[in-house]
Amino acid sequence: MLRFILLRMIWMLPFLVAVSFLSFVLIQLPPGDYVTTYIATLAASRSPDLPAFLQSYAGYDHPPLYFLFERLWTPFAGTSEFALRFPSAAAGLMAVAGMYAVGRQLGGRGLAVLAALLGAAAPVWVFFGQESRGYAFMLLGCVAALWLCLRAARSDAPTSAWL
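Residues numbered from 1 in each chain as written. Predicted model: local features only at pLDDT ≥ 70, side-chain atom pairs only at ≥ 80, totals over all residues. Heavy atoms only, no water.

To continue, consider the overall build of the protein. Looking only at helices and strands, the protein has eight helices and zero strands in total. The linear arrangement of helices and strands in the protein, starting from the amino end, is α-α-α-α-α-α-α-α. When the 163 residues of the protein are sorted by exposure, 31% land in the buried category. Partitioning the contacts of the protein with sequence separation of at least 6, the portion at a separation of at least 24 is 63%. Here the protein has roughly 10800 Å² of accessible surface; of this, 74% comes from carbon and sulfur atoms. (Helix = DSSP H or I, 4+ residues; strand = E, 2+ residues; numbered from the N terminus. Buried < 20%, exposed > 50% of the residue type's maximum accessible area, 1.4 Å probe, protein only. Contact = heavy atoms within 4.5 Å. Areas by Shrake-Rupley, 256 points an atom, 1.4 Å probe, with all protein chains shown as cover.)

Attention shifts here to the nonpolar core. A general feature of soluble globular proteins is that nonpolar side chains tend to end up buried together. Within the largest apolar cluster, 17 residues are counted, with the highest numbers of intra-cluster contacts made by Ala95, Met99, Trp125, Phe128 and Val143. Elements that contribute at least two residues to this core include exactly α5 (81–107), α6 (109–121), α7 (123–130) and α8 (135–154). Ranked by residues supplied to this core, first place goes to α8 with six residues. (Core = buried A, V, L, I, M, F, W, Y, C linked by side-chain atoms within 4.5 Å.)

As a further point, take the packing of helix α4 (residues 64–77) against α5. Where α4 contacts α5, the axes come no closer than 10 Å and their chain directions differ by 125°. Between α4 and α5, the interaxial angle falls into the category oblique. In the packing of α4 onto α5, the handedness of the crossing is right-handed. For the pair α4 and α5, the contacting residues are Tyr66, Phe69, Glu70, Trp73, Thr74 and Ala77 in the first and Ala83, Leu84, Phe86, Pro87 and Ser88 in the second. Partitioned by chemical class, the residues of the contact of α4 with α5 number eight nonpolar, two polar and one charged. (Axes fitted to C-alpha atoms, helices over the stretch in contact; angles between N-to-C directions. Parallel < 35°, antiparallel > 145°, perpendicular 65-115°, else oblique. Left-handed = near helix turned anticlockwise from the far one by under 90°. Nonpolar A, V, L, I, M, F, W, Y, C, P; charged D, E, K, R; others polar.)

Turning our attention to the packing of aromatic side chains. The tally for this structure, following the rule as stated, stands at six aromatic pairs. Both rings, one in Trp73 and one in Phe86, keep their centres 5.9 Å apart while their planes meet at 15°; by these two values the pair is stacked. Here the residue Trp73 occupies a position in helix α4, and Phe86 occupies one in helix α5, the gap between them amounting to 13 residues. Taking relative accessible area as the criterion, Trp73 reaches 24% and is therefore assigned partly exposed. (Phe/Tyr/Trp six-rings, centres within 6.5 Å; stacked < 30°, edge-to-face > 60°.)

Don't take any of this as a statement about function, it's just geometry.
Here it is, written out as structure tokens:
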């Protein structure tokens with residue numbers, strides 16, 4: 001048993017270095033910085049001609065659904081920095097809870113806690129939760145899709161036969 005644990009620890013170190021390197025590379029990929037992100041989100045939420053704004057700004061790298069959501073959100077929450085970042089932070093927290101559910105599906109409570117902790121500590125997840133963009137919602141959608149696929153694969157229902 002001790003040999004098994006030591007072997008896993010030895011394999012964990014290069015894997016941890018590779019995942020950390022990949023995480024830091026991914027953090028640098030999203031276009032723009034905080035100021036331009038905040039200004040664009042604020043402009044989308046206050047634009048009188050939203051279709052023209054979406055046509056000129058939103059594209060493949062900025063899907064318009066998040067800007068439409070922000071337009072509905074800002075009359076209730078305001079346009080402060082906290083108000084514009086809160087939906088992304090909430091989506092990030094829900095993604096961590098979703099990782100707990102995925103871990104629970106795969107291996108029980110211990111794996112679920114580990115998966116949730118790794119998700120909460122991942123630099124990319126923290127970055128996505130801080131940005132006032134739709135990245136955290138994309139992350140939440142991916143985690144939800146993974147959970148649904150795992151649930152369907154373990155089900156004996158005829159609707160899961162397509163997997």
